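Residue-level structure breakdown
Next come the chains, spelled out residue by residue.
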Amino acid sequence: MAWRTTADPERFNEAVDWFANRVPVAFWQSVLGPATARRAFTVAGVVELDVVTAIWALLTETIANGDGLDVFKRRARDEIARWRASGDLLETVYRTNVQTAYNRGRWHQMGRPEVVRHRPYWLYDAVMDLRTTRDICRPLNGTIRQHSSTFWQTHHPPLHHRCRS
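The model shown is predicted, which means the values in this text are computed figures rather than measured ones.

**Quick word on helix H4 (residues 69–79)**
Restricting attention to buried positions, one finds in H4 the residues Leu-69, Phe-72, Lys-73, Arg-75 and Ala-76. Against the buried residues of H4 lie helix H3 (49–65) and helix H5 (87–110).

**Here's the deal with the packing of H3 against H4**
Look at H3 against H4: their axes get within 11 Å of each other, and the N-to-C directions meet at 150°. Comparing the axis directions of H3 and H4 gives the class roughly antiparallel. Crossing of H3 against H4: the hand is right-handed. Contact residues: H3 offers Leu-58, Leu-59, Glu-61 and Thr-62, while H4 offers Phe-72, Arg-75, Ala-76 and Glu-79. Classifying every residue of the contact of H3 with H4 gives 4 nonpolar, 1 polar and 3 charged.

Basis of the calculations
- Residues numbered from 1 in each chain as written.
- Predicted model: local features only at pLDDT ≥ 70, side-chain atom pairs only at ≥ 80, totals over all residues.
- Heavy atoms only, no water.
- Buried < 20%, exposed > 50% of the residue type's maximum accessible area, 1.4 Å probe, protein only.
- Helix = DSSP H or I, 4+ residues; strand = E, 2+ residues; numbered from the N terminus.
- Contact = heavy atoms within 4.5 Å.
- Axes fitted to C-alpha atoms, helices over the stretch in contact; angles between N-to-C directions.
- Parallel < 35°, antiparallel > 145°, perpendicular 65-115°, else oblique.
- Left-handed = near helix turned anticlockwise from the far one by under 90°.
- Nonpolar A, V, L, I, M, F, W, Y, C, P; charged D, E, K, R; others polar.

See the structure below:
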């Protein structure tokens, strides 16, 4: 079996590709159909399309470079000075979007026929600590289902903001 790899172990191509294919949309335009909404990139409370686009571009570069939260915060404050976001909001935007991109990239990798052949069952794995949501992730932790189960259509992480599953 041939595994597809990248010359750069720091770059998660599937995650980068998934996120780069999102389309920045201003908050007021976010009343979209389900198919369009799945590709839309919005930032809660941000109505200026140029700011949403700048945040999307910054996150795309952040994911491609494997940059951490501190680098993202610094660059966001430098590049989008008029977006007066708190540190908590920047952290939520970073964590939600990076985790989503990584999970979508992992989903793509796990769905490859050569991987499914060797790993036909998937595990829902939540971080079990005091920050784990009691009503969402905690009850799902340890759930194992076949990759083709309809369960995964509605239970693939992240399931909420700041989800760490």
